[in-house]
Structures are given as C-alpha cells and as structure tokens.
Amino acid sequence: MGEGAKAAPQTTSIPLTQQPPVAALHQDAGLNQSMVTTSIDALIGWGRKNSLWPFTFGTACCAIEFMALAASKYDLARFGAEFMRFSPRQSDLLIVAGTITYKQAPILRRIWEQMMEPRWVISVGACASTGGFYDCYCTLPGIDEIVPVDVYIAGCPPRPEAYIEALLQLQDKIQDSSYMKDRAAANHQRIQVG
Amino acid sequence: MARTVPRPEMTLAEKAYVPEIVKGLKVTMGHFLRGLFTPETLPVQSYPETPSVIPRNYRAKHRLMKRPDGEPRCVACMMCSTACPANCITIQAGESADDRIEKKPVKFEIDLLVCVFCGLCAEACPVDAIRMDTRIVALAADSREKFKVGLKDLMSWEPKDYPDNDTQSQKAPGGLLNAEAKKQWGIS
C-alpha cells in the first residue's frame, strides 16, 4: 500500500496521451481510495438512533399527548420512530407515559425485562418521573426505582415538543454509546461466568 | 322486527376488482406525490427547525420577576410553596439588605420534574414575583438533578422580544426599566 501511494504522484507527471487507463490508476491508488472506511460504532449508532421502535406504556394523559406526537402535525416518523409496536419483544424504546402505581410496577419491570438489548427508557411527565403530586400510599415515586431511565421529560402532560426534544437527546446518547465496547464487556462477562 | 338494509348491486367495474384497486392507488399516489413535490402543503410542522407558536398565557417554565435594583421581587412569604399541590417549590428565607423589605429568598428552588404546571403559585403570589410566561416548554434531560432550577436560572429569562408598550416589557409598569419604578426605588 505504501508503494502504491508513492507511485501515484509519478503517474500525474506523465503526459496525458501516455497515461495508463483509469482502471489501472485506481489499482495504483491503493486501498484507501477504493474503500469506504468508517467506524463500526458510528455506523451502528446511526442505524440504531434512526430506527427506534417505541413501546408506549401509556397509563394516563401523557399517552394522549403521545398520540398527538405520532399524528401528522408533529409526525414522529420524521425521526424514524413511527413504528409503534405494542409488543416488548419487538421494540427497543420504552416510553413510560403516565402514573405508575405500586400494583403496576411489577408489570412495568417485567415488560422492561422482556425487551431485547439494546433498550432505552424515556420517562414522560411528572407522574412517571417523580410521582408528581401523588404523594400517597399507592403511587411509585419515580419509575427509576425499578427501571433505568435514559431521558426524563418534565410537564403535566408535556407538549409534543418536549417529546421531540427528549427523542433528540436520546438519539445523541445512542450515537455516543459504543457498541464495540458493550460487546467486549459482554464477552468478558461471559468468559468470567463460563 | 329486524330492519333489512338494502345492499346496492355492484357494477361490472366493481365486480372486476382491478379498476377499483387502481382508483384506490390513485388516491394513495396523489397523497404521496403531493408530499414529494409540495411538502409545504402537508400538515407537518417540522418542529426543531420551525418553533411552535405558544400563547403567552400558556403555563410554561417559571420565572422570577426582578425589582428595578436587580434583586428578586420575591419576599419569601412561602405562599407559592404552600399553594403548590406537588410541593415542588423550596424557599429558604433570609434577611433583606433593603430596610423597606423584611425578607428575601436566599434559596428558591423549583423541581420542574415534580411541577405539574397548574399555575397556582403564580396565582398565590401577593407581589407578582413568579410568572409562568417564558414559553419554554421543551424540558427534557437525562438526570433528575438537572430539573432543579434555582434563583439564577429563574431570574435569567428576559422578555426581549416584547415591544415597549407591552405589559410584559421591561419599560412597562412593573418592569425593570420602568422610569416611574426607578424613581421610586431611588435609582437614576
């Protein structure tokens, strides 16, 4: 490859009539001009962030705002996340929209456990994020007690703009996360266990 | 007695199936081509590029009003935190340096994630110190701590785009730059 790179400037000094055919030039140029090189992490991050499949765990009015988000005015499809799957096994983004009670908490946990890796969680609104004004015996004070949350949204209920803001933040987070590092860590763990 | 609903007979074209499918595809393709060539006619609002028009009386993120001398107008009476149904306002009162005023908030913290944006704090305030007219609605972050906003954050919002004759303008009565108020406060 080093030789090819050195040979390339020499070919330019040859008069036009004596120049080798284009195919031969490309051969000389070496691998760095005939291949698209990119970081696997960047490619996977790009793929993941632009095809989020949300699972809406809607229990209250935040889910109504989510319908507004998915409808034509705010159009979630612009961000590649329009494919609502009401099946945890086929989705990778859990949107918890609404009040979660202690009775419902194990169900939410189970749904999160059923989702495939990689998975992300958005906690929508005051109730899901902190319990809101339900300071009572039956309401979970924030779903981060039972599932890890990536992005929180404030509001009661939040406007679709806030949803979009959260989605963009999550996309940045996904782009920044390293697939290769995660895979190496998982392999390391498997070796340790086995 | 059951009522019989007369069913219309299908015409030959309808029975042939294909022409009707073509008709349906025409509608679909019409919508597709409209979106492709004249995207401005679509009902979509491309949000991050085109900001939403939010009415001024929409209850959005809070702000604290300032006195002409730059101090918060709040007198730490705790009315807002008492009225708050979600208990998201934390006020710590301190002694005011100005001898005309008894107290001032040393710490004024609103947890926006707990807040339900009901507007009761703004209604309860006796000195019109807290308002919810910033029109900041897209509040999202990756940790719960980031939603706790203090005095500095709450006082940083300026109604820049309001004209001078507007009631929310800084030159209007109650504003920072109002000449009358400045005179009363002894600020030239």
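Residues numbered from 1 in each chain as written. Chains lettered and ligands numbered in written order. Predicted model: local features only at pLDDT ≥ 70, side-chain atom pairs only at ≥ 80, totals over all residues. Heavy atoms only, no water.

All right, on to the sheet that holds strand E2 (residues 93-97) of chain A then. Read from one edge of the open sheet, five strands run E1(A)-E2(A)-E3(A)-E4(A)-E5(B), paired in mixed fashion. Two strands bound the open sheet, and with one partner strand each, they are strand E1 (54-58) of chain A together with strand E5 (140-141) of chain B. Two elements, strand E3 (residues 120-124) of chain A and strand E4 (residues 151-153) of chain A, share three bridges in a ladder whose sense is parallel. In the strand pairing of E4(A), A:Ser123 is matched with A:Tyr152. Here helix H6 (residues 105-114) of chain A sits on the sheet in contact with E1, E2 and E3 of chain A, set at roughly 165 degrees to E2(A). (Pairing = 2+ DSSP bridges. Helix = DSSP H or I, 4+ residues; strand = E, 2+ residues; numbered from the N terminus. Contact = heavy atoms within 4.5 Å. Axes fitted to C-alpha atoms, helices over the stretch in contact; angles between N-to-C directions.)

Attention shifts here to the pairing of E2(A). Residues and elements named next belong to chain A. With five of its five residues buried, E2 lies for the most part within the structure. Two elements, E1 and E2, share five bridges in a ladder whose sense is parallel. In the sheet register, proline 54 faces E2, and the bridge partner there is leucine 93. In this view, the connection linking E1 to its parallel neighbour E2 by way of helix H5 (residues 61-70) has left-handed handedness. Two strands pair when backbone bridges link them, and E2 and E3 are joined in this way by five bridges, in the parallel orientation. Bridge pairing in E3 links leucine 93 to tryptophan 120. Handedness of the β-α-β unit built from E2, H6 and E3 comes out right-handed. (Buried < 20%, exposed > 50% of the residue type's maximum accessible area, 1.4 Å probe, protein only. Right-handed = clockwise from strand over helix to strand, strands pointing away.)

With that out of the way, let us pick up the packing of H5(A) against helix H8 (residues 160-176) of chain A. All names here are of chain A. Contact geometry of H5 with H8 gives a least axis separation of 9 Å together with a crossing angle of 80 degrees. Judged by the inter-axis angle, H5 sits roughly perpendicular to H8. On H8, the residues touching Cys62, Ala63, Glu65, Phe66, Ala68 and Leu69 of H5 are Pro160, Tyr163 and Ile164. Within the contact of H5 with H8, the residues separate by chemical class into eight nonpolar, no polar and one charged. (Parallel < 35°, antiparallel > 145°, perpendicular 65-115°, else oblique. Nonpolar A, V, L, I, M, F, W, Y, C, P; charged D, E, K, R; others polar.)

Let us now look at the interface of chain B and chain A. Listed by partner, the interface residues are 26 residues for chain B and 29 residues for chain A. With both sides pooled, the region where chain B packs onto chain A buries about 2,300 Å², and carbon together with sulfur makes up 62% of that total. At the surface where chain B touches chain A, the tally comes to one salt bridge. Among the salt bridges present, the one from B:Arg144 reaches A:Asp144, with a minimum N-O distance of 2.9 Å. Taken together, chain B and chain A are joined by eight residue pairs in polar contact (both at pLDDT 80 or more). Of the residues contributing to the side of chain B that touches chain A, the split by class is 20 nonpolar, four polar and two charged. Sheet analysis places E4(A) next to E5(B), joined by two bridges and oriented antiparallel. Across the sheet, residue A:Tyr152 finds its bridge partner in E5(B), namely B:Ala141. (Buried area = accessible area lost by both parts, 1.4 Å probe. Salt bridge = Lys/Arg side-chain N within 4 Å of Asp/Glu carboxyl O. Polar contact = N/O pair within 3.5 Å; in protein donor to acceptor, adjacent residues only side chain to side chain.)

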